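Observations on the model geometry
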Amino acid sequence: MTRSWRPAIPAPATPLPPGAVGLALLAAVLPAAVLAGEAAGRLWILLVFAPLAEEIVFRLGLHEALLQRGWARWPAGLVVALAFALAHLALRGEMQALAVAVPALAIGLVYQDQRKLAPCVLLHALMNGVWLVTVGSA
């Protein structure tokens, strides 16, 4: 009997359908952000909406799908980080948007270890907050 070199990866306790949750969040939160004004709306989007919506799509959606299909941790994390960076490039149209691949890779490591969404959302919001204070307000 030979043992696999990869440890078993348990499925998350409560998988959510990423599309349905993302659409519900968009319908509920985006109008409130727009009505709150430009500065407050930007804070709301960067610190609440984007971390939650993006982590649902990229962690519970893509990352979880790759892990469930037997992908090894590093290739799965790398593919998700690159997809995340390409999505930011498509939205912002600036090459420096690709830099989000590095923090996305770090968040991916947290997800792979814990398989829980909340720590990823909190870490994402924290990273967005640091970016907002250091770069985004310039």
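Rules used in this analysis
Residues numbered from 1 in each chain as written. Predicted model: local features only at pLDDT ≥ 70, side-chain atom pairs only at ≥ 80, totals over all residues. Heavy atoms only, no water. Helix = DSSP H or I, 4+ residues; strand = E, 2+ residues; numbered from the N terminus. Contact = heavy atoms within 4.5 Å. pLDDT = per-residue confidence, 0-100. Phe/Tyr/Trp six-rings, centres within 6.5 Å; stacked < 30°, edge-to-face > 60°. Buried < 20%, exposed > 50% of the residue type's maximum accessible area, 1.4 Å probe, protein only. Polar contact = N/O pair within 3.5 Å; in protein donor to acceptor, adjacent residues only side chain to side chain. Salt bridge = Lys/Arg side-chain N within 4 Å of Asp/Glu carboxyl O. Expected span 1.5 Å × (residues − 1).

Topologically, E54 is positioned in helix α2 (residues 38-68). Among all residues touching E54, those that are not within four sequence positions of it are R59, F84, H88 and H124.

Here we take up the confidence of the model for the protein chain. Confidence along the protein chain averages 82 in pLDDT terms, with 71% of residues attaining 70 or more. Predicted confidence in the protein chain is weakest over helix α1 (residues 18-35), with a mean pLDDT of 54, and strongest over helix α4 (residues 101-114), with 96.

Our focus in this paragraph is the packing of aromatic side chains. When we look at a pair of aromatic rings, we describe it by the centre distance and by the angle of the planes. Following the criterion strictly, the structure yields one aromatic pair and no others. Here F58 and F84 contribute two aromatic rings whose centre-to-centre distance is 5.2 Å and whose plane-to-plane angle is 90 degrees, an arrangement assigned as edge-to-face. Here F58 is found in helix α2, whereas its partner F84 is found in helix α3 (residues 73-92), with 26 residues between them in sequence. We classify F58 as buried; its relative accessible area is 14%.

With that out of the way, let us pick up the side chain of R59. Tracing the backbone through its elements, the reader meets R59 in helix α2. Here the side chain of R59 touches A104 through a polar contact of 3.1 Å, landing on its backbone oxygen. Those residues within four positions of R59 in sequence are excluded, and the remaining contacts are E54, E64, V80, A104, I107, G108, Y111, L117 and C120.

Turning our attention to the pattern of salt bridges. Considering all chains together, one arrives at four salt bridges under this definition. Among the ionic pairs, E64 bridges to R115, the shortest N-O distance being 2.4 Å. Taken as a pair, E64 in helix α2 and R115 in the loop between α4 and α5 (117-136) lie far apart in primary sequence, 51 residues in all. The pair E64 / R115 is uniform in exposure class, with both members buried. For the salt bridge of D113 with R73, the shortest nitrogen-to-oxygen distance reads 3.2 Å. One end of the pair, D113, is in helix α4; the other, R73, is in helix α3, with 40 residues separating them in the sequence. A relative accessible area of 29% means that R73 is categorised as partly exposed.

Right, let's talk about α4 for a bit. Helix length check: α4 (14 residues) gives 20 Å between terminal C-alpha atoms against 20 Å at 1.5 Å per residue, within 8%. At the C-terminal side of α4, R115 shows a positive phi close to 55 degrees.

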